[in-house]
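Letter by letter, the chains look like this.
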Amino acid sequence: MMPAARQVLTVVRKDLLVETRARDLLNVMLTFAVLSLVIFNLALDLRGPVVREVGPGLLWLTIAFAAILGMGRTFVREHERGTLTGLLIAPMDRGVLFVGKLLANLIFLFVMEAVTLPMFAVLFGLPVLQPAVLLITALGTLGFATLGTLFSAMAAQSRAREALLPLLLLPTTVPVLIGSVQATSHVLDDTVGGPPWIGLLLAFNVIFLTLAFLLFEHVVDG
Amino acid sequence: MDTLQNLDYLFAAYAILWVIIFGYFFYLTRQIGDVRREVDALQRERAETTVARNDETTS
Amino acid sequence: MLRSKHASSPRRWVDDLLGVGALVGMVGALWLIFVYTPLELVQGAVQKVFYIHLASIWNAYASFLLVFVASILYLRRPSAATDRFARAWAEIGVVFTTITLISGAIWGKPIWGTYWSWDARLTTTLLLWLIYVVYLMLPSFMDDPERGRRYAAVVGVIGFVDVPIVHMSVRWWRTLHPDPIVANLEGPDLPASMWYTVLYCIVVFTVLAVYLVRQRMQIDELRATLARLRSTAV
C-alpha cells in the first residue's frame, strides 16, 4: 500500500479508536437525530399529504444539525486532549491529515444516517430506503463533511469552540442542502421536473473538496 | 395614472441610505479620533520623559 | 504612517479630497435621480430606488472580490497591510450589502406587494451578507490575532467562491416555484438618461467606498501604532 494511504488509515483508525473508548460523539449524534425527527413532527404537526412535501427538507435539516453536532466534537476532542499537536508533529502531509479526518467524519455520519434513515422511513412513511436516495445521502453527506472538517478545525481553535461551526457551515453549504433536498424530493415524487440535482451535487462536492483540501494547511498550521 | 403614489417608500429608501452611510461615517470618525488621541497622549508622554532624561544627563 | 495629527501628509489630503468628492457626488446623484431622470411609467416614483440599489450591489460585489484577492495574497504571504485591506473592504461590503437589502425590500413592497420574496437574487444577497458578517466576527473569537487573520482569509476565499454556487442552486431551486414579477429594468431599452444616472451613481458610490475603506484602514493602522508604542513602554 502507498505510504500516504497507510497514513490516512492510521488517522481514521485513531479517531475510531478514540470513539470506541469515549463514546461521546456517536451516541450524542444518534440520539439527537432521532430526537429532532420527533420534535419536528410535534412542532409542525405533520399529517397527510404535506409529509411528502416537507419530508425531504426535515430529513436533511436533521442530518445537517446532527452532522454539525458530531463534527464539532472531533477537533474539539483533539484540542482538549492536546492530541492535535501530536498529529501536526507527525511526519505526514497536511493533505493526508485532512483526508483522514474527512473519512473519519464520513464514517461517523454514515453510521448516524444508517439509523436515522430507517427511523425516518418508519416515522414519516416515506420510502427513503432506496438506492437513489442512498446515493443522494452519500453525496450530500460528503458535501457537509468536506467543509465541516475544514471549519470544525477552525472552530476548535476559537474561544467559542464548536459553537462557531454552524455559523461557518450553514451559509456556505446552502448549495448542498438545497441540492440534497431537491434531489430527494424528485426521487420521492417523480412528477416534478427540474435540473439534474445529483450531477450538481457532484459538482458542488468537487469544488468544495478542492477548496477545503487546498485551504486545510492554513487552518491547522501555526 | 397616480405614478406618485409610492413617494413614501421612495422617501424611506433614501432616508435609510443616508442614515446608514452617515451613521457608519460617524462611527469611523469617532473611532479614529479616540485612537488618535490615545496615540498622541502616549507620544507626548514619551517625548516628555525623553526630554527629562536628557536634562538629567546634561546637568 | 500617521506620526502626528498636525502633519499634513499627502495621505490626509487625498482622504479629504475623496471625502468631499463623495459628498458632492452624492448630492449630485440626488439631483440626477430626482430631477434629471424621467419618471418610470409603470412603477412610478419608487423606481428611483433602483439607482442606489444597483450602485450598492455593484459596490458590495466589487468589495468582496477585493476581499477574495487580498485573502489569497494573505495566505500566500501574510502581512498586516493585506489583512487590513481585506478587513476594511469586507466591512464596507457588508455596509453596502445592507443598503442593497433594505432598499430592495422597500422597493419590493409597492411593486411585489411584499418586502421579501424568496427570489434567487434576494436569497443569495442575504446569504452573502451572512457569510461576510461571520467573516468580520471571526477574528474576535480567536485568542491568537495572527490565527484570526489567517482564518478570516480562509473564509474570504470560500465565501467568494461560494457566491456563484449559492446563486445557481437557489435559482434552480426557485425554478419550481412561480417567479416573482420583476420589472426588467436592466434591459437595453432603458432611456439614455437613466443609464447615465446609473453609471454616475456607480462611480460616486465607488468613490465613497474607497473613502470609507481608507478611513477604516486608518483605524487599524493607528491601533497598530498604539500597540507598538505600548509594547516599547519605558
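Rules used in this analysis
- Residues numbered from 1 in each chain as written.
- Chains lettered and ligands numbered in written order.
- Predicted model: local features only at pLDDT ≥ 70, side-chain atom pairs only at ≥ 80, totals over all residues.
- Heavy atoms only, no water.
- Helix = DSSP H or I, 4+ residues; strand = E, 2+ residues; numbered from the N terminus.
- Buried < 20%, exposed > 50% of the residue type's maximum accessible area, 1.4 Å probe, protein only.
- Contact = heavy atoms within 4.5 Å.
- Areas by Shrake-Rupley, 256 points an atom, 1.4 Å probe, with all protein chains shown as cover.
- Buried area = accessible area lost by both parts, 1.4 Å probe.
- Polar contact = N/O pair within 3.5 Å; in protein donor to acceptor, adjacent residues only side chain to side chain.
- Nonpolar A, V, L, I, M, F, W, Y, C, P; charged D, E, K, R; others polar.
- Axes fitted to C-alpha atoms, helices over the stretch in contact; angles between N-to-C directions.
- Parallel < 35°, antiparallel > 145°, perpendicular 65-115°, else oblique.
- Left-handed = near helix turned anticlockwise from the far one by under 90°.
- Expected span 1.5 Å × (residues − 1).
- Phe/Tyr/Trp six-rings, centres within 6.5 Å; stacked < 30°, edge-to-face > 60°.
- Salt bridge = Lys/Arg side-chain N within 4 Å of Asp/Glu carboxyl O.
- Core = buried A, V, L, I, M, F, W, Y, C linked by side-chain atoms within 4.5 Å.
- Patch = residues over 30% accessible without salt bridge, like charges linked within 9 Å, V, L, I, M, F, W, Y side chains within 5 Å.

## What about the overall build of chain C?
- Regarding its fold elements, chain C presents 6 helices and 0 strands.
- Reading the secondary structure of chain C in the N-to-C direction produces α-α-α-α-α-α.
- The buried share of chain C, taken over its 234 residues, is 53%.
- Counting contacts in chain C only where the partners sit at least 6 residues apart, residues at least 24 apart contribute 80% of the total.
- Here chain C has roughly 10,600 Å² of accessible surface; of this, 68% comes from carbon and sulfur atoms.

## Let's talk about the interface of chain C and chain A
- Opposite the 28 residues of chain C that make contact, chain A presents 33 residues.
- Of the roughly 2,700 Å² buried at the junction of chain C and chain A (both faces included), carbon and sulfur atoms supply 75%.
- Counting across the interface, chain C meets chain A through 5 residue pairs in polar contact (both at pLDDT 80 or more).
- The dominant element in the side of chain C that touches chain A, judged by the number of residues it contributes, is helix α5 (residues 145-174) of chain C, at 16 residues.
- Residues that form the side of chain C that touches chain A fall into these classes: 21 nonpolar, 3 polar and 4 charged.

## Focus on the packing of helix α2 (residues 26-44) of chain A against helix α5 (residues 94-124) of chain A
All names here are of chain A.
- As a packed pair, α2 and α5 sit with axes 10 Å apart at the nearest point and diverge in direction by 25°. Taken together, the axes of α2 and α5 are roughly parallel relative to one another. Seen from above, α2 lies across α5 with right-handed handedness. Between α2 and α5, the residues in contact are Leu-26, Met-29, Leu-30, Ala-33, Val-34, Leu-37 and Asn-41 and Phe-108, Leu-109, Val-111, Met-112, Val-115, Thr-116, Met-119, Phe-120, Leu-123 and Phe-124, respectively.
- Here the residues of the contact of α2 with α5 are counted per class, giving 15 nonpolar, 2 polar and no charged.

## What to know about the side chain of Ser71(C)
All names here are of chain C.
- The topology assignment puts Ser-71 in helix α2 (residues 49-76).
- Accessibility expressed as a relative area gives 1% for Ser-71, which makes it buried.
- There is a polar contact of 2.7 Å between the side chain of Ser-71 and the backbone oxygen of Val-67.
- Once residues lying within four places of it in the same chain are set aside, the contact partners of Ser-71 are Ala-153, Gly-156 and Val-157.

## Regarding helix α1 (residues 3-22) of chain A
Residues and elements named next belong to chain A.
- An ideal rise of 1.5 Å per residue puts 28 Å on 20 residues; α1 measures up with 29 Å between its terminal C-alpha atoms.
- Against the buried residues of α1 lie α2, α3 (50-81) and α5.
- Looking one or two residues beyond α1, the residue adopting positive phi is Arg-23, at roughly 55°.

## Let's talk about the packing of aromatic side chains
- Throughout the structure, instances matching the rule amount to 21 aromatic pairs over all chains.
- Ring centres of Phe98(A) and Phe216(A) lie 5.1 Å apart, and the angle between their planes is 55°; this geometry places the pair in the tilted category. In this pair, Phe98(A) sits in helix α5 while Phe216(A) sits in helix α9 (residues 197-220), placing the two residues 118 residues apart along the sequence.
- Residue classification places Phe216(A) among the buried residues on the basis of a relative accessible area of 0%.
- Clustering of aromatic rings is evident, with ring pairs tying together Trp18(B), Phe22(B), Phe25(B), Phe26(B) and Tyr211(C).

## Some remarks on the interface of chain B and chain C
- Contact residues are listed per partner, giving 32 residues for chain B and 48 residues for chain C.
- Between chain B and chain C, the buried area comes to about 3,700 Å², and carbon and sulfur atoms account for 75% of it.
- Across the contact surface, chain B and chain C share 1 salt bridge.
- A salt bridge links Glu38(B) to Arg230(C); its shortest N-O distance comes to 2.3 Å.
- The tally of links from chain B across to chain C stands at 4 residue pairs in polar contact (both at pLDDT 80 or more).
- For the side of chain B that touches chain C, the residue count by class is 22 nonpolar, 5 polar and 5 charged.

## Points about α5(A)
Residues and elements named next belong to chain A.
- Counted at 1.5 Å a residue, the expected span for α5 with its 31 residues is 45 Å, and the 42 Å between its end C-alpha atoms agrees.
- The backbone nitrogen of Gly-95 lies 3.0 Å from a side-chain oxygen of the residue at the head of α5, namely Asp-93.
- Directly beyond the C-terminal end of α5, a positive phi value near 65° is found at Gly-125.

## A short note on the nonpolar core
- Counting 155 residues, the largest nonpolar core has Leu150(A), Phe151(A) and Met154(A) as its most contacted members.
- Top element by residues in this core is helix α6 (residues 192-231) of chain C. It accounts for 16 residues.
- Residues in contact with Leu150(A), not counting those within four places in the same chain, are Phe98(A), Ala212(A), Leu215(A), Phe216(A), Val219(A), Val154(C) and Ile158(C).

## Structural notes on the pattern of salt bridges
- What the rule picks out here adds up to 19 salt bridges over all chains.
- In this structure, the salt-bridge partner of Arg216(C) is Asp220(C), at a minimum N-O distance of 3.3 Å. One end of the pair is Arg216(C) and the other is Asp220(C), both in helix α6 and 4 residues apart, which spans about a single turn. Take Arg216(C) and Asp220(C): they sit in the same class, and that class is buried.
- One salt-bridge network, held together by shared partners, links Glu19(A), Asp24(A), Arg73(A), Arg77(A), Glu80(A) and Glu162(A).

## Details of the side chain of Ser180(A)
Residues and elements named next belong to chain A.
- Within the element layout of this structure, Ser-180 appears in helix α8 (residues 174-188).
- By relative accessible area, which is 0% here, Ser-180 ends up buried.
- For Ser-180, the residues in contact, after removing those within four places along its chain, are Trp-60, Ile-136, Gly-140 and Leu-201.

## Side note on a nonpolar patch on the surface
Residues and elements named next belong to chain A.
- On the surface, Leu-35, Val-38, Ile-39, Leu-42 and Leu-123 cluster together into a nonpolar patch covering about 460 Å² of accessible area.
- When residues of the nonpolar patch are assigned to their parent elements, the largest contribution, 4 residues, is made by α2.
- For Leu-123, a relative accessible area of 41% puts it in the partly exposed group.

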